Protein chains: 2
Amino acid sequence: MSPLSTKEKIKLAAKKLISELGYKSASVRKIASDVGIRESALYNHYTNKEEIFLDILQDIFASPFSTSTQNVKEDALKGKLFLHRFVTQYKLVSFDKESEILFRILLLEIFSNKGLRERFFEDFHNKNIKVLSEAFFIMMQNNLIRSSDPMTMSYEFISTLFYIRFQITLLRFDSISTTNLSTQFEKHVDFFWEGIKV
Amino acid sequence: MSPLSTKEKIKLAAKKLISELGYKSASVRKIASDVGIRESALYNHYTNKEEIFLDILQDIFASPFSTSTQNVKEDALKGKLFLHRFVTQYKLVSFDKESEILFRILLLEIFSNKGLRERFFEDFHNKNIKVLSEAFFIMMQNNLIRSSDPMTMSYEFISTLFYIRFQITLLRFDSISTTNLSTQFEKHVDFFWEGIKV
DNA sequence: ATTTTATATGAACATTTGTTAATATAAGCT
DNA sequence: AGCTTATATTAACAAATGTTCATATAAAAT
């Protein structure tokens, strides 16, 4: 691992501070101090505070899901296994330290930033709904699951994932154990599958 | 309706501003200005800014669910109707203007306030899980639904409600129509019931 | 009517904030 | 070597913040 450039250090420190205090309270001085430089030196790397935030925003939506959305058509035929894989991917992201910080920033700033709201619906919701709907549709065609509206089914499926992730994010912020919630992911797949399998 | 006292006006203005800007950005001056007084006058009613916030916090957890948690033992026997009633109550709160504002404050400040986090788990999660678990348990005993872990079932049930409410809160912040999400509540009951009914 | 009490104002305060300017220092290039 | 460029520091700024104090004003109590 190559040593971080000052700009990268700034971004890293800003991420951490914003995820703990929010954008407004994560002052330029605190960020610079964490990096080990003065506030003024920071302006050699970013033109202003907002630009640091915009840089961080890009990371939030740098999808770690890209690989899992490939062969839906084939994988969907595997029924429950498909759901299991999808959830495993979701779980992995939920427990990833970096993703956790970015998710917290998303939650913290979602009401202060319209673009954030729009991208939440697009990247966190619609994208998942699309993949899942396609999979559920195929499962229905192949009589693996009961017939129902694929969109509704997808909505039901991801809502629980979001809720678990939300709770994980809260608990980890207080360093509270999340082992219960970890198993909740598997319970979700089991319970859900029992309810839709034919 | 009796005219509001200055203290009540301050609380009201603070609620609105905090729910839109967050605690940090909702300055004492903005609050006072909205009320129509100077900042200094505000301190005749509250000793400091935090006290206003603490006053508002109490409203967040002034449960509007208290009535619905009464005759669970009887109502649970009605099966799907029980769930429908539960969701109707939840839906009512989700679309209530005052509750919407308070819920937004909860989401905005949940990472800045440990007490808020704890009470979220207690009032928004555990309390619901408890009522639902009891109901599902009774439904299982009476063979209305398939046998499963009542806690898991409850978790699955409320997670979707939370997700819908979260999305409603986001959309209404931008004055975007929520009719789709309104029907999502009913779809949830229908879909869920199909998956658990025996 | 006079005194007391509650609530308003205006001005000021000490901090904290984002940002900039002048200047020093160290690294890279010719 | 000297010159250029990148990046650091110190100092200062204007604006915004929470809060306080002396004082005015209007309502309530005697």
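Rules used in this analysis
Residues numbered from 1 in each chain as written. Chains lettered and ligands numbered in written order. Predicted model: local features only at pLDDT ≥ 70, side-chain atom pairs only at ≥ 80, totals over all residues. Heavy atoms only, no water. Contact = heavy atoms within 4.5 Å. Buried area = accessible area lost by both parts, 1.4 Å probe. Salt bridge = Lys/Arg side-chain N within 4 Å of Asp/Glu carboxyl O. 1 Å grid on protein atoms, 1.4 Å probe; cavity = no way out; pocket = protein on both sides within 12 Å on 5 of 7 lines; lining within 4 Å. Points joined across faces, edges and corners; volume = space filled by probe spheres on them. Helix = DSSP H or I, 4+ residues; strand = E, 2+ residues; numbered from the N terminus. Nonpolar A, V, L, I, M, F, W, Y, C, P; charged D, E, K, R; others polar. Phe/Tyr/Trp six-rings, centres within 6.5 Å; stacked < 30°, edge-to-face > 60°. Buried < 20%, exposed > 50% of the residue type's maximum accessible area, 1.4 Å probe, protein only. Lys NZ or Arg CZ within 6 Å of the ring centre and 35° of its normal. Domains from an automatic or database assignment. Near = heavy atom within 4 Å. Polar contact = N/O pair within 3.5 Å; in protein donor to acceptor, adjacent residues only side chain to side chain.

1. Comments concerning the interface of chain B and chain A
Contacts between the two partners involve 41 residues from chain B, matched on the other side by 41 residues from chain A. For the chain B and chain A pair, buried surface summed over both sides reaches about 4,100 Å², with 67% attributable to carbon and sulfur atoms. Looking at the side of chain B facing chain A, the largest losses of area belong to B:Phe111, B:Tyr163 and B:Phe191, adding up to 22% of the total buried there. Inspection of the region where chain B meets chain A yields two salt bridges.

2. Notes on empty space enclosed by the protein
For the coordinates displayed, the defined rule picks out four cavities of 30 Å³ or more. There is about 110 Å³ of room inside the largest cavity. Along the walls of the largest cavity sit 15 residues, with A:Phe191, A:Phe192, B:Glu156, B:Phe191 and B:Phe192 positioned nearest its centre. Sorting the residues of the lining of the largest cavity by element identifies helix H9 (150-173) and helix H10 (179-196) of chain A together with helix H9 (150-173) and helix H10 (179-196) of chain B as the ones contributing at least two each. In terms of residue class, the lining of the largest cavity is made up of six nonpolar, five polar and four charged.

3. What to know about the packing of aromatic side chains
The description of two aromatic rings rests on the distance between their centres and on the angle between their planes. One pass over the full model with this rule turns up 40 aromatic pairs over all chains. Their ring planes at 80 degrees and their centres at 5.6 Å tell us that A:Phe166 and B:Phe120 sit as a pair that is edge-to-face. Of this pair, A:Phe166 sits in helix H9 while B:Phe120 is found in helix H8 (residues 114-141), placing the two residues in two different chains. When its relative accessible area of 1% is taken as the criterion, B:Phe120 is described as buried. Across the ring face of B:Phe191, the terminal group of A:Arg146 is positioned such that the distance to the ring centre comes to 4.8 Å. Between the NZ or CZ atom of B:Lys7 and the centre of the ring of B:Tyr46, over which it lies, the distance is 4.9 Å.

4. Some thoughts on the domain arrangement of chain A
Residue and element names in this part refer to chain A. As far as domains go, chain A holds domain 1 (6-58) and domain 2 (61-196). The straight-line distance from the C-alpha centre of domain 1 to that of domain 2 is 30 Å. The interface is formed by ten residues belonging to domain 1 together with twelve residues belonging to domain 2. Here domain 1 and domain 2 share an interface that buries about 980 Å² over both sides, 63% of which is from carbon and sulfur atoms.

5. Considering the protein's contact with DNA strand D
Residues in contact with DNA strand D amount to 17 residues; listed here are only the nearest, A:Arg38, A:Ser40, A:Asn44, A:His45 and B:Lys49. For DNA strand D, the fraction of protein-proximal atoms (within 4 Å) that sit in sugar or phosphate groups is 48%. A:Thr6 has a polar side-chain atom sitting 3.4 Å from a phosphate oxygen of DNA strand D. For DNA strand D, a base nitrogen lies 2.8 Å from a polar atom in the side chain of A:Asn44. Broken down by secondary-structure element, the contributors of at least two residues to the surface near DNA strand D are helix H3 (39-42) of chain A together with helix H2 (28-35) and helix H3 (39-42) of chain B. For the surface near DNA strand D, the element with the highest residue contribution is H2(B), accounting for three residues.

6. Regarding the protein's contact with DNA strand C
If you check the shell around DNA strand C, you find 17 residues, and the closest are A:Lys49, B:Arg38, B:Ser40, B:Asn44 and B:His45. Protein-adjacent atoms of DNA strand C, using a 4 Å cutoff, are sugar or phosphate at a proportion of 46%. The contact in question runs from a phosphate oxygen of DNA strand C to an N or O atom on the side chain of B:Thr6, over 3.4 Å. Here B:Asn44 contributes a side-chain N or O atom positioned 2.8 Å from a base nitrogen of DNA strand C. Secondary structure elements with two or more residues in the surface near DNA strand C: helix H2 (28-35) and H3 of chain A together with H3 of chain B. The residue makeup of the surface near DNA strand C, split by class, is four nonpolar, seven polar and six charged.

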